[in-house]
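Next come the chains, spelled out residue by residue.
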Amino acid sequence: MNLNSLTSAEKTQLNIGFMRLSDSAPLIVAQELQFFERYGLEVTLRREVSWANVRDKVAVGTLDASQMLAPMPLVTSSGLKNTPSPFITGLMLSLNGNAITLSSGLSKQLDLEVSKTGDHCPDPVVAARQLGKIVTTLPRQLTLATVYPYSMHTFQLRHWLSLGGICPDRDVKIIVLPPEQMVDNLARGIIDGFCVGEPWNTAAIQAGIGSSIVSGYQLWNNAPEKALVVAEHWHKNNPATHLRLRLAIMEAAAWLSHEENRLACVPILARKKYLDLPEHMIKPALLGRFQYNKHSPSINNQDFIVFNRYQAGFPWRSHAEYLLRKNLQLQGFNIDDSEICKLIEKVFRADLYREAASLLGYSYPSTDFKNEGGNATSYLFEDSIELGPDLILNGGTFSPCPCESYSGSAQK
Amino acid sequence: MDHSSNNEVRVMLVDDHPQRAAMVEQALKASEFHIVGILTSASGLLFQIQELKPHVVMIDIESPDRDVLESLSLINQHNPTPVVMFSNEEDPVFIRQAINVGVSAYMMEDINPEKVKPVIDVALAQFEMFQALRRQLSSTQQELDDKNTLDKAKRLLMKHQRIAEPEAHKNMRNLAMNNNQTLVDVAKNVIAILAQDSKKAPVDESK
């Protein structure tokens, strides 16, 4: 691509938000390997402490763009809980990366015999059923933590509990804690378990205070996780800047899809201004060798966190629909299918992804929807695009609603 | 929440700057406010709120516990508590506009002991107003949901029994009276029974 052929950036000095999480890697790599610079952007990465702050700062323009949880732009744009603040995403940052970890004491009570499975990881369904047997007999109600009410973490926690016949609203208490407080609260016995992104599961496991039971990947293979989000009005005012931003981050994500680069990335993430954590905590998940338990060997899963691969950057509107419907269900709201279609079309901008991908010469799907739950292995989509497995654990399949108005349409 | 003029308003402070917290505490004590707790780190915030039952929580906007506070009324139906945020942000536009975004976030420029009282008063008043509005909204939403449920049940019944709308309505009303159920409950049963064969349920892993 000839950089001179790109429209000049409307704004070159940008503030971009990120959290202390391993899947911030595409933003950090784009900064440290000077991908932003190559596209004429002078970026300051701002480490944020809460998702609410991230949301508010993007809404009011203190941040130009930020890493966000995939459901956040949908919920924020819907105005169901707050004054609506229209957000859009033209690039997903990562798939997978979370896990559910229980305190060592509780996981011992589940009697999982991890080593006998041969896989060195517990069977998540058996584990949930075991917990289901004892959950109402425990001396006090279990408290489990998620990182934000509207997050994959919440869905994954509820999903796993339901596999054991445990009602997430009645049988346990679910609270919200910031990712970096999970381990401390588990150690002090204030919570009994959590669903969180890396490296916080590994931090608990290495400290010997918790064991992971199931990864996000096992619950739904290659589920959407983080997105690059901007305010809709910011995009309207800065379309060329937004494009350059996506191009830089897509190149960083592509760089991160190689194993040797992931290794090189670990010491960068560990730096004080980024995750500020020892390398040994960051390494396992990022290199696809997550350890469920301090004393069990690591398990090889190169897709534990996915960047770039399997069209990870593509904002599937089928994913958006799933996320939105789950959120509506959780909040007890009903909105018409036509409203859902309008919202996901407005927020998940597949067209913006295609614009950047075609400039980079990356492949991209021509339709906005795919079915979920039917593929146990990676497969070819539209004859030439490799997509990852998409099984939903005991969840059957999910077909997006047939909103005919945008099957394959690319809006401008 | 009872905080009429005879009662003290219970305030909880979450601030990692002990000196600032001490100043604010002094200013609040000078008026009718009752400081029920000062937390320098917000770990254990949820439990402190349950224990100390503050009428209002004051917290630094840069605290990670904003997420915790926001979630209180969302996931577990705790009693919502108004939150006053203070910020070191230089930009007053940020603070003003942020009020429009957060649920119960009332912010001001860097915490100023002299200004604390009016800010808390306003926050409490706005919070009450917002809660009233929200109660009203959610009852309207409920009415709408009920109406949709009734309509859907009627449509299914009309199709299934090949009858007209008034008759479907009458049948459902009779069912409700005979079974001592509300009309909405009857409608839900009708939908549960009749909708099964007509439509494949979407994936629902959480129930």
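Use the structure listed above.
Residues numbered from 1 in each chain as written. Chains lettered and ligands numbered in written order. Predicted model: local features only at pLDDT ≥ 70, side-chain atom pairs only at ≥ 80, totals over all residues. Heavy atoms only, no water.

Asks: Sorry, what's going on with the overall build of chain A here?
Replies: Tallying secondary structure elements over chain A gives 17 helices and 15 strands in all. Projecting the C-alpha coordinates of chain A onto the three principal axes gives extents of approximately 65 × 45 × 45 Å. The 412 residues of chain A split such that 64% are buried. Sequence-distant contacts in chain A: of pairs separated by 6 or more residues, those separated by 24 or more amount to 76%. Of the roughly 14400 Å² of accessible surface on chain A, 48% is carried by carbon and sulfur atoms. For chain A, the distance from the average position of its 38 positive side-chain charges to the average position of its 40 negative side-chain charges is 5 Å. (Helix = DSSP H or I, 4+ residues; strand = E, 2+ residues; numbered from the N terminus. Buried < 20%, exposed > 50% of the residue type's maximum accessible area, 1.4 Å probe, protein only. Contact = heavy atoms within 4.5 Å. Areas by Shrake-Rupley, 256 points an atom, 1.4 Å probe, with all protein chains shown as cover. Lys, Arg positive; Asp, Glu negative; His and termini not counted. Charge placed at Lys NZ, Arg CZ, Asp CG, Glu CD.)

Asks: Help me understand the packing of helix H13 (residues 259–270) of chain A against helix H14 (residues 279–286) of chain A, please; the structure alone is not making it clear to me.
Replies: Geometrically, a packed helix pair is captured by the angle between its two axes and the distance between the axes. All names here are of chain A. Close contact between H13 and H14 brings their axes to 9 Å; oriented N to C, the two are set at 145°. Taken as a pair, H13 and H14 cross one another with a handedness that is right-handed. The segment H13 lies against H14, with Arg262, Leu263, Cys265, Val266, Pro267, Leu269 and Ala270 engaging Glu279, Ile282, Lys283 and Leu286. A breakdown of the residues in the contact of H13 with H14 according to their chemical character gives eight nonpolar, no polar and three charged. (Axes fitted to C-alpha atoms, helices over the stretch in contact; angles between N-to-C directions. Left-handed = near helix turned anticlockwise from the far one by under 90°. Nonpolar A, V, L, I, M, F, W, Y, C, P; charged D, E, K, R; others polar.)

Asks: What am I meant to see in the nonpolar core here?
Replies: As a rule of thumb, soluble globular proteins bury nonpolar side chains together. All names here are of chain A. Within the largest apolar cluster, 128 residues are counted, with the highest numbers of intra-cluster contacts made by Ile16, Phe36, Trp51, Ile191, Leu245 and Ile249. The element that contributes the greatest number of residues to this core is helix H12 (residues 239–255), accounting for eight residues. The residues touching Ile16, leaving out its near neighbours within four places in the chain, are Leu27, Phe36, Val43, Thr44, Leu45, Arg46, Leu63, Ala65, Ser66 and Leu245. (Core = buried A, V, L, I, M, F, W, Y, C linked by side-chain atoms within 4.5 Å.)

Asks: What should I look at first to understand the pairing of strand E1 (residues 10–14) of chain B in this one?
Replies: One face of the sheet, then the other: side chains in a regular strand alternate in exactly this way. All names here are of chain B. Extensive coverage of E1 is indicated by the burial of four of its five residues. Where E1 and strand E2 (residues 34–39) come together, five bridges link them in parallel fashion. Bridging from a neighbouring strand, Arg10 pairs with His34 of E2. Direction of pairing for E1 relative to strand E3 (residues 56–60): parallel, over a ladder of four bridges. Within E3, the residue paired with Val11 across the bridge is Val56. (Pairing = 2+ DSSP bridges.)

Asks: I'm lost on the sheet that holds strand E7 (residues 172–176) of chain A in this one. Help?
Replies: What holds strands together in a sheet is hydrogen bonding between their backbones, with the strands either parallel or antiparallel. All names here are of chain A. With mixed pairing, the five strands of this open sheet are ordered in space as E7-E6-E8-E5-E9. Strands with a single pairing partner mark the edges of an open sheet, and in this sheet they are E7 and strand E9 (210–215). Taking each pair of neighbouring strands and ignoring which way they run, the sheet shows an average axis angle of 25°. For strand E5 (residues 98–103) and E9, the ladder comprises five bridges, and the chain directions are antiparallel. Residue pairing in the sheet places Thr101 in a bridge with Ser212 of E9.

Asks: What exactly am I supposed to notice about the side chain of Asn238 of chain A here?
Replies: Residues and elements named next belong to chain A. On the secondary structure map, Asn238 appears in the loop between helix H11 (232–237) and H12. Looking at Asn238, the relative accessible area reads 9%, which means it is buried. Once you skip the residues sitting within four places of it in the chain, Asn238 turns out to touch Glu10 and Lys11.

Asks: Would you mind going over the packing of aromatic side chains with me for this structure?
Replies: How two aromatic rings sit relative to each other is set out by the distance from centre to centre and by the angle between their planes. All names here are of chain A. If you walk through the whole model with that rule in mind, you get eight aromatic pairs over all chains. Taking 4.5 Å as the distance between ring centres and 50° as the angle between the ring planes, the aromatic pair formed by Trp220 and Tyr322 counts as tilted. In this pair, Trp220 is assigned in the loop between helix H10 (216–219) and strand E10 (224–231) and Tyr322 in helix H15 (residues 317–331), connecting sequence segments 102 residues apart. The exposure class of Tyr322 is buried, given its relative accessible area of 5%. Residues Phe290 and Tyr292 carry aromatic rings whose centres are separated by 5.2 Å and whose planes lie at 80° to one another, so their mutual orientation is edge-to-face. On the basis of relative accessibility, which here comes to 1%, the residue Phe290 falls in the buried class. One aromatic cluster is present, built from ring pairs that chain together Phe314, Trp316, Tyr353 and Phe381. Over the ring of Trp316 we find Lys370; its NZ or CZ atom is 5.4 Å from the centre of that ring. (Phe/Tyr/Trp six-rings, centres within 6.5 Å; stacked < 30°, edge-to-face > 60°. Lys NZ or Arg CZ within 6 Å of the ring centre and 35° of its normal.)

Read these as geometric descriptors, not functional statements.
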